[in-house]
Amino acid sequence: MLRINRLKIQINTTNGLYGYDELFTDGLNILASEDNTSGKSSVIAAIYYCLGFEEIIGGKGEKVLTAVYKTAIEEGEEVWPVVESGAYLEIYNGKEKITIYRAATMEGRDNKLITVYHSEMNNIKKAGILIEDMYVHMPNSAINVKGFHTFLEGFLHIELPLVPAADDGTKKLYLQLIFSAMFIEQKNGWSNIMSGMPFLGIRESKKRVLEFLLRLDTLENEKKKDSLRTRDSSIKIQWNSLIKELNILVHREGCVPHGLPLSPQVLSEEDLLHLIIKKEDVEIQEYIDELQGEYGHLTLLKPRVVDNFDDIQEELNATENSIESFERELYKNRGLLHVESISIDKLVNNLEIIETDIRNNKDAARLRNLGSELDFATSKDTCPVCSQPIQDSLIPHSGHLQVMSIDENIRHLNAQKEMLEFAQISHRKNKEKIQERIKQLENSLLTLRSMAKSLRNDLYSINENISESIIHKKLQLDAEMNSLHQLVEYINKKKQKLRDLSDDWKKYLEDKADLPKKKFSESDEDKIKILRKHFIRNLSQFGYKSIPNLNQIEISMDSYLPVIEGFDMKFDSSASDNIRAIWSFVLSLLETSNEKSGNHPGILIFDEPAQHSIVSSDVEKFFNHIIKFKNSQVIIGMTIRDSDTRQTINKLPSGSFNLIKVPYKAFEKFSTENE
């Protein structure tokens, strides 16, 4: 839940401190002024601004605020230039009160900086109060620890979902989008339902906000679908990569694959058995057997006569020496490969630590650049990274040693990161070279062992005929058999990988089949029916007449917005009835959420809801309906233009609402006590 407890605006001028300080209560708060130019909307805008929601008004930063915050304050015929300005906002989440401060105009302090005091406003100057500086409207301010909207999300005890983004990725559903369904601003907010919603790269943002506020199951289903889409894409990429690799290696040996599944599918053991490799139209194992038979036949037909026994013995000795040498080098390279792998793992870990340190230091620098005056950890002799006292360094303390500044830390860490990245690239290249050398050594060893085997056979043969061509042929056959054996072994390993991917694909298909057949659960349909019931009842109660038969109005199951015969009901509504429709829908959302345990924070702001000369009797019904709400807070900015409006407010039950009268000029000179 969110409650606005107190708003204090301070505008320092050349004539002293001016401002506005008011308390808000649960239930209905009417912020009433006699004149639409008295500054009432400037007061409401300060609430948006302190919460970092000014994009709902139409921009970012102090430019959405009126000139009174930035230029000058008029007091009678006097004009006092503004020196500094800003606002404090005390908010409550049901358990804890905090006070937010955001400057509008202040030398040396950027308006993206927000200070959070973990106390109610009266106590922010007391010693021991935890104070934190945060930032807003900067990259990752809704994700990083020091991002104000990250903090506000946690403070409000809500967990924003990841939803589909316009760039086909996913993004967190921003708080500004959610609150645009609750904060109806004077200028843009009354043109349509949620017309003040900013564009923040979320696809179908209105739909996602309504799903979140009503806590529809379909939002969870959408997340599951998104997860399934990611798994689908991942399996297809792995499958295609494996098939491509298999094809390259098989064709390199002059073979042809048969039964290779080109796209993901559920494979049985029989399917895998039918995945075969052929060479010259013969299955590979059969082809190897034929080569083996030919090799054996050559051995039987041409036994060798040993008339040069000494030479062959010498050659055999040299070959065996080479084998020993290659085996030693192979053993050495395998050791080097292990060392390189360990080095790379360490570098990866160190890089992760350095990157975390850089992010922390950049956050600290960002807050400092925004004008934070809070003490940094380094100024308290505490390391901002590890939180250890700096004086605990192993180096003896010297008055000549200076602690590095944040910028120096960032430069130092970036330099370390570059060095580690360079070292990582170098080690990876070394690893690739070693792996290639190991492969070469293994192939050479296979050839040498085959040669040694042939030489031994020659030494022990009894035939006197010598045929070098037969020996050469035998070596060729032996090499080809070795290559094909390796290919068979490789294919068998990859069959296991295919089996694993097939299992993943099967699980993916099962999970996909388990998704609800209907888009909406029974609970969702019930919530949408209740939303429609409240909406139609509110329309009738507030005097909506543009559509004679209100029962024709439906809540679209595609957009969750009200439609008539499939079209936006705005097109069938008069200007004043469009305002009644916005009242009705915004209130219905809160009522449905309260009734069905939705995610609505229980707060609404309406700035000038009596647009287009809505009759006073309907405005009175609007107020009386809000007064009945429990566990909610509604703030309404209202100009009392005529006696009818004044009479409408006077008719409301005494004590049922909090009337906050805004004087002719909202910002008056503070007394010394207020300062």
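As the structure is a computational prediction, the values presented were derived from the model and not from experiment.

1. Section: the packing of helix α12 (residues 522-541) against helix α13 (residues 575-595)
Taken N-terminus to C-terminus, the directions of α12 and α13 make an angle of 140 degrees; their axes are 8 Å apart at the nearest point. Judged on the interaxial angle alone, α13 and α12 are oblique. In this structure, α12 crosses over α13, and the sense of that crossing is right-handed. Facing K527, I530, L531, K533, H534, F535, R537, N538 and L539 of α12, the residues of α13 in contact are R580, A581, S584, F585, L587, S588, L589, E591, T592 and E595. Across the contact of α12 with α13, the residue classes break down as 8 nonpolar, 5 polar and 6 charged.

2. Regarding a negative patch on the surface
Among the surface-exposed residues, E280, D281, E283, E286, D289 and E290 lie close enough to one another that they form a single negatively charged patch. Considering every element that reaches the negative patch, the biggest residue donor is helix α8 (residues 284-301), with 3 residues. Note on placement: D281 falls in the loop between β13 (276-279) and β14 (282-283).

3. Some remarks on the sheet that holds strand β12 (residues 256-258)
Strand order in the open sheet made by the 3 strands is β12-β13-β14, with antiparallel pairing throughout. The sheet is open, and its two borders are formed by β12 and β14, each paired with just one other strand. Relative to β14, β13 runs antiparallel, the two being bridged by 2 bridges. Counterpart to K279 in the pairing with β14 is V282.

4. A word on the packing of aromatic side chains
The final tally for this structure, using the stated rule, is 18 aromatic pairs. With 4.5 Å between their ring centres and 40 degrees between their planes, Y88 and Y101 make a pair best called tilted. You can see Y88 sitting in strand β5 (residues 78-92) and its partner Y101 sitting in strand β6 (residues 97-105), a full 13 residues away along the chain. The exposure class of Y88 is buried, given its relative accessible area of 10%. Three or more aromatic residues joined by ring pairs make a cluster, and in this case those are W190, F542, W583, F606, F622 and F623. When the ring centre of Y92 is taken as origin, the NZ or CZ atom of K97, which lies over that ring, is 5.9 Å away. Lying across the ring of Y49, R102 places its NZ or CZ 3.9 Å from the centre.

5. A word on the sheet that holds strand β16 (residues 562-564)
Hydrogen bonds between backbone atoms are what pair the strands of a sheet, whose relative direction is either parallel or antiparallel. Overall, antiparallel pairing links the 3 strands, which are arranged β15-β16-β17 in an open sheet. At either margin of the open sheet sits one strand with a lone partner, and together these are β15 (553-555) and β17 (567-568). Bridge analysis of β15 against β16 gives 3 bridges, and the strand direction is antiparallel. Looking at the pairing, I555 lines up with P562 of β16.

6. Focus on the side chain of K279
Looking at where K279 falls in the secondary structure, it is placed in strand β13. Within the local environment of K279, its side chain forms a polar contact with the side chain of E480, the two groups lying 3.1 Å apart. Discounting chain neighbours no more than four positions away, the residues touching K279 are E253, G254, C255, Y287 and E480.

7. A word on the environment of E96
For E96, the position within the fold is in the loop between β5 and β6. On the accessibility criterion, E96 (33% relative accessible area) is partly exposed. As for E96 and K346, which are separated by 250 residues in sequence, their C-alpha atoms are 44 Å apart. Once residues within four sequence positions are removed from consideration, E96 is found in contact with I91, H118 and F155. Side-chain polar atoms of E96 contact the side chain of H118, separated by 3.4 Å.

8. Some words on the pairing of strand β2 (residues 16-23)
Both strand β1 (residues 3-13) and β2 contribute to a ladder of 8 bridges, which runs antiparallel. Each residue of the ladder has a partner; that of K8, found in β2, is D21. The hairpin formed by β1 and β2 contains 2 residues between the paired strands. Relative to strand β21 (residues 668-669), β2 runs antiparallel, the two sharing 2 bridges. Its bridge partner lying in β21, Y18 is registered against K669.

9. Topic: helix α6 (residues 217-252)
Between its first and last C-alpha, α6 extends 53 Å over 36 residues, near the 52 Å set by a 1.5 Å rise per residue. Every buried residue of α6 is accounted for by T218, L219, N221, E222, L228, D232, I235, W239, L242, I243, L246 and V250. A positive phi of about 75 degrees marks G254, the residue just after α6.

10. A few points about unusual backbone geometry
Unlike most non-glycine residues, H157 shows phi in positive territory, near 60 degrees. You can see H157 is positioned in the loop between α3 (148-155) and β9 (162-164). Since its relative accessible area comes to 53%, H157 is described here as exposed. Residue E608 is not a glycine yet carries a positive backbone phi of 55 degrees. Mapped onto the fold, E608 is located in the loop between β18 (603-607) and α14 (616-627). Of the residues examined, E608 reaches a relative accessible area of 1% and is grouped as buried.

11. Some remarks on the side chain of S593
Following the sequence through the fold, S593 ends up in helix α13. When its relative accessible area of 4% is taken as the criterion, S593 is described as buried. Polar contacts involving the side chain of S593 include one to the main-chain amide nitrogen of N599, which spans 3.5 Å. Setting aside its immediate chain neighbours within four residues, S593 contacts L213, G598, N599 and H600.

12. A short note on the pairing of β6
Counting buried residues in β6 gives 7 out of 9 residues, a clear majority hidden from the surface. Looking at chain direction, β5 and β6 are connected through 8 bridges and run antiparallel. Bridging from a neighbouring strand, Y88 pairs with Y101 of β6. In this structure, the hairpin formed by β5 and β6 is closed by a connection of 4 residues, where G94 is found at a positive phi of approximately 100 degrees. Here β6 runs beside strand β7 (residues 113-117); their pairing, made up of 4 bridges, is antiparallel. Within β7, the position partnered with Y101 by the bridge is T115.

About the criteria used
Residues numbered from 1 in each chain as written. Predicted model: local features only at pLDDT ≥ 70, side-chain atom pairs only at ≥ 80, totals over all residues. Heavy atoms only, no water. Axes fitted to C-alpha atoms, helices over the stretch in contact; angles between N-to-C directions. Helix = DSSP H or I, 4+ residues; strand = E, 2+ residues; numbered from the N terminus. Parallel < 35°, antiparallel > 145°, perpendicular 65-115°, else oblique. Left-handed = near helix turned anticlockwise from the far one by under 90°. Contact = heavy atoms within 4.5 Å. Nonpolar A, V, L, I, M, F, W, Y, C, P; charged D, E, K, R; others polar. Patch = residues over 30% accessible without salt bridge, like charges linked within 9 Å, V, L, I, M, F, W, Y side chains within 5 Å. Areas by Shrake-Rupley, 256 points an atom, 1.4 Å probe, with all protein chains shown as cover. Salt bridge = Lys/Arg side-chain N within 4 Å of Asp/Glu carboxyl O. Lys, Arg positive; Asp, Glu negative; His and termini not counted. Charge placed at Lys NZ, Arg CZ, Asp CG, Glu CD. Pairing = 2+ DSSP bridges. Phe/Tyr/Trp six-rings, centres within 6.5 Å; stacked < 30°, edge-to-face > 60°. Buried < 20%, exposed > 50% of the residue type's maximum accessible area, 1.4 Å probe, protein only. Lys NZ or Arg CZ within 6 Å of the ring centre and 35° of its normal. Polar contact = N/O pair within 3.5 Å; in protein donor to acceptor, adjacent residues only side chain to side chain. Expected span 1.5 Å × (residues − 1).

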